[in-house]
Amino acid sequence: MKNRNPRTFEVKSFGCQMNVYDGERMAELLEAEGLSAAAEGAEADLVVLNTCHIREKAAEKVYSEIGRVLGRGGGAQPMIAVAGCVAQAEGAEIPRRAPGVDIVVGPQAYHNLPALIRQAKAGGRAVDTDMPAASKFGALPARRRLAPSAFLTVQEGCDKFCTYCVVPYTRGAEVSRPWAAVLDEAKALIDGGAREIILLGQNVNAWSGEDEKGRARGLGGLVRALDALPGLTRIRYTTSHPNDMTEPLIRAHAEVPKLMPYLHLPVQSGSDRILKAMNRSHTTDSYLRIIERVRAVRPDIAVSGDFIVGFPGEREADFEATLRIVEAVNYAQAFSFKYSPRPGTPAAEMDEQVPPEMMDDRLQRLQALLRAQQLAFNQAQVGRRTEVLLERPGRKAGQLIGKSPWLQSVHLETQAAIGDLVEVEILSAGPNSLAGAASMRTAA
Ligand code: SF4
């Protein structure tokens, strides 16, 4: 039997930070409708699967997750909503293949979730994958309590059409949220306890808008406006495209004290031939010049990147060019993946797909180099003092975990509280985190 009158909910988000943000907004929306989050370990009456299409075999994984939720023991079957990028890509196919699904809602339509739940309560199936021009954000409830570090989506969608990527199809064209809406949400986040705001967008540095005086502004201007908000101590932004790295944004790294010294700037490959096939619209040279410009104004900046190995047509010489760009940049952190075809993208139809064992070998060689760079970057912090924003409890009693300005996780034992900014002496470093000792509290 199906639960047609849900009182509790669970939102399970997969994939990127933008999905985490969307998951938080859906939870706020459901709470505003009178539902409450299911207690830890309890089975929810409504399960929202907020899916990611970037994962390999994304749709198959969603169907097996649906089967797992439907197969759980106990009383009535929960109402199931599939949201996110797989919902957008598959649409009405989902309830056809998985009749236990009640609601399908795309990433630009989730503000309609309450109406879709009403349809499902009446026994119907509700599918909404519209991409309305009007922004969903205006239809969402006000922000509520928050962790010390909060996401804020300022830009959605993408017009770049990299040949391997589904985002332009699942998230639609590039849209920037208005200046005033972003600043209002930032103030609400700060009032709710956020000390750090991470601006999000598929191409966050393509954000553009007009300020309160009608002047055209880019992300650098928005960062400066956030810098002026009392109560906020840190600003970050992700993910950026090399072609949208403007001079005002680069200058902000030199001049805005709250903007953290961290830049996630995906390059994907070190071969211009492969970058062209990927339709990346930048070259290795233009990428390296951006890194140079950023480091000239902010020498301590931590650079992070994304890499795809085994893109169709990638030969050993192309891959070696990727190793060379990694050596030239010297990354503090990076994400690297084997290419896997996404249905409907041009790259999925390309000749010269690279054999899996060759991809494995290249990924291992690339990751060994990236790991060594990350470890060296972390070890360079040992013996230094740095500010850490405390974000969550650690595994041991009395231990808290926070982030350094360079986005490293730092573990320490401290009397300070979550949300405090503390000065920490770094005692040791591993590949993924640092250990430190709090020396004094610098902000309450
Ligand atoms: S820039 Fe390329 S990889 Fe990034 S979201 Fe757009 S199409 Fe996808």
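Residues numbered from 1 in each chain as written. Predicted model: local features only at pLDDT ≥ 70, side-chain atom pairs only at ≥ 80, totals over all residues. Heavy atoms only, no water.

J.: So, the overall build of the protein chain: which residues are in play, and what are the values?
T.: Along the backbone of the protein chain there are 13 helices and 21 strands. Relative to the globule expectation of 22 Å for 444 residues, the C-alpha radius of gyration of the protein chain, 22 Å, shows essentially globular dimensions. Overall, the protein chain is about 60 × 60 × 50 Å in size when its C-alpha atoms are taken along their principal axes. When the 444 residues of the protein chain are sorted by exposure, 53% land in the buried category. Sequence-distant contacts, at least 24 apart, represent 71% of the contacts inside the protein chain between residues at least 6 apart. For the protein chain, the exposed surface amounts to about 18,900 Å²; the carbon and sulfur share of it is 52%. Distance between charge centroids for the protein chain: 3 Å, based on 53 positive and 53 negative side chains. (Helix = DSSP H or I, 4+ residues; strand = E, 2+ residues; numbered from the N terminus. Rg over C-alpha atoms; globule rule 2.2 N^0.38 Å. Buried < 20%, exposed > 50% of the residue type's maximum accessible area, 1.4 Å probe, protein only. Contact = heavy atoms within 4.5 Å. Areas by Shrake-Rupley, 256 points an atom, 1.4 Å probe, with all protein chains shown as cover. Lys, Arg positive; Asp, Glu negative; His and termini not counted. Charge placed at Lys NZ, Arg CZ, Asp CG, Glu CD.)

J.: Describe the sheet that holds strand E15 (residues 302–309), and please don't skip the residues or the numbers.
T.: Strands sit in the order E14-E15-E16 across an open sheet of three strands; the sheet is parallel. Two strands lie at the open edges of the sheet, namely strand E14 (262–264) and strand E16 (333–338), each paired on one side alone. When the angles between neighbouring strand axes are averaged without regard to direction, this sheet yields 10°. Most of the contacts of helix H13 (residues 356–379) go to E16, to which it runs at about 175°, and overall it touches E15 and E16. (Pairing = 2+ DSSP bridges. Axes fitted to C-alpha atoms, helices over the stretch in contact; angles between N-to-C directions.)

J.: Quick one: what's the story with the packing of helix H11 (residues 284–297) against helix H12 (residues 316–329), residue by residue and with numbers?
T.: Between two packed helices, both the angle of their axes relative to each other and the distance between the axes serve to describe the pair. It is the contact of H11 with H12, at a shortest axis distance of 11 Å, that shows an interaxial angle of 10°. With respect to their mutual orientation, H11 and H12 come out roughly parallel. Contacts between H11 and H12 pair Thr 284, Tyr 287, Leu 288, Ile 291 and Arg 295 from the former with Ile 325, Ala 328 and Val 329 from the latter. Class assignment of the residues belonging to the contact of H11 with H12 gives a composition of six nonpolar, one polar and one charged. (Parallel < 35°, antiparallel > 145°, perpendicular 65-115°, else oblique. Nonpolar A, V, L, I, M, F, W, Y, C, P; charged D, E, K, R; others polar.)

J.: I'd love a proper account of the site of the ligand, names of residues and values included.
T.: Taken together, the neighbourhood of the ligand is formed by Cys 158, Lys 160, Phe 161, Cys 162, Tyr 164, Cys 165, Val 167, Pro 168, Asn 203, His 241 and Arg 280. Within the shell around the ligand, the residues separate by chemical class into seven nonpolar, two polar and two charged. (Near = heavy atom within 4 Å.)

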